[in-house]
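Report on the structure
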Amino acid sequence: MRKDKPKKHVIHPDTKYNDPLVTQFVNNLMWQGKKSTAFAIFYDALERVEKQTGENGYEVWKKALSNSTPGVEVKSRRIGGANFQIPTEIRPDRKISLSIKWLIGYSRKRSGKSMAEKLAAEIVAASNNEGATIKKKEDVHKMAEANKAFAHFRA
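Quantities reported herein were computed from a predicted structural model and do not represent experimental measurements. (Residues numbered from 1 in each chain as written. Predicted model: local features only at pLDDT ≥ 70, side-chain atom pairs only at ≥ 80, totals over all residues. Heavy atoms only, no water.)

1. Notes on the overall build of the protein chain
Scanning the protein chain from N- to C-terminus turns up six helices and two strands. When its helices and strands are written in sequence order, the protein chain yields α-α-α-β-β-α-α-α. Across its three principal axes, the protein chain shows a C-alpha extent of roughly 55 × 40 × 25 Å. The 155 residues of the protein chain split such that 36% are buried. Long-range pairs, those at least 24 residues apart, make up 60% of the contacts in the protein chain with a sequence separation of at least 6. Summed over its atoms, the accessible surface of the protein chain is roughly 9800 Å², and 52% of this surface lies on carbon and sulfur atoms. Charged side chains in the protein chain number 30 positive and 17 negative. The centres of these two groups are separated by 9 Å. (Helix = DSSP H or I, 4+ residues; strand = E, 2+ residues; numbered from the N terminus. Buried < 20%, exposed > 50% of the residue type's maximum accessible area, 1.4 Å probe, protein only. Contact = heavy atoms within 4.5 Å. Areas by Shrake-Rupley, 256 points an atom, 1.4 Å probe, with all protein chains shown as cover. Lys, Arg positive; Asp, Glu negative; His and termini not counted. Charge placed at Lys NZ, Arg CZ, Asp CG, Glu CD.)

Below, the structure written as structure tokens:
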């Protein structure tokens, strides 16, 4: 057994919205250590969301994140020579982390000119409960539902 739990990395809030979640999102969005570029993309995307929806971009983003947050996931476990997909609850910090990664990942795959444009489109879609991010969440939930019979294998 380990003596101490590893220390949780403290994420400082961003300057505009004073929200550590924004910083976490930007850290995931960032490539090659270019944080100021990532912040520029994020803020630009929120402005585009505001223009598209007429609502507060930050609020729409928060709604998109909560809509794309999964509740359960399946983990592969080997039992008696067979692999089972076992549905498990997700820790709160992992839920947020997954929804952030999905939002960013699927916006990168979208067609569009700039990353800000693609991110804005994915945020708007996710806030309306549609788009690739929401589909991913539903697929994960369906997998967990389909393998509910193996839930008793949980360790």
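2. Remarks on the pairing of strand β1 (residues 72–79)
Every regular strand shows the same layout, with side chains that alternate between the two sheet faces. Pairing of β1 with strand β2 (residues 82–89), which is carried by eight bridges, proceeds in the antiparallel orientation. Across the sheet, the residue bridging to E73 is T88, located in β2. Taken together, β1 and the strand that follows it, β2, pair antiparallel across an intervening segment of two residues, in which G80 is found at a positive phi of about 55 degrees. (Pairing = 2+ DSSP bridges.)

3. Side note on the pattern of salt bridges
Going through the model one piece at a time under the given rule, you end up with nine salt bridges. With a shortest N-O distance of 3.3 Å, K8 and D93 are connected by a salt bridge. With a gap of 85 residues between them, K8 in the segment before α1 (20–29) and D93 in helix α4 (residues 92–109) connect regions that are remote in the sequence. Looking at D93, the relative accessible area reads 33%, which means it is partly exposed. A salt bridge links E122 to R110; the nearest nitrogen and oxygen atoms lie 2.6 Å apart. Placement of the pair is E122 in helix α5 (residues 115–127) and R110 in the loop between α4 and α5, with a sequence separation of twelve residues. Looking at E122, the relative accessible area reads 1%, which means it is buried. (Salt bridge = Lys/Arg side-chain N within 4 Å of Asp/Glu carboxyl O.)

4. Brief notes about unusual backbone geometry
The backbone of N18 shows a phi angle near 55 degrees, a positive value even though the residue is not glycine. Looking at the element boundaries, N18 is found in the segment before α1. Take N18: its relative accessible area is 57%, and that puts it in the exposed class.

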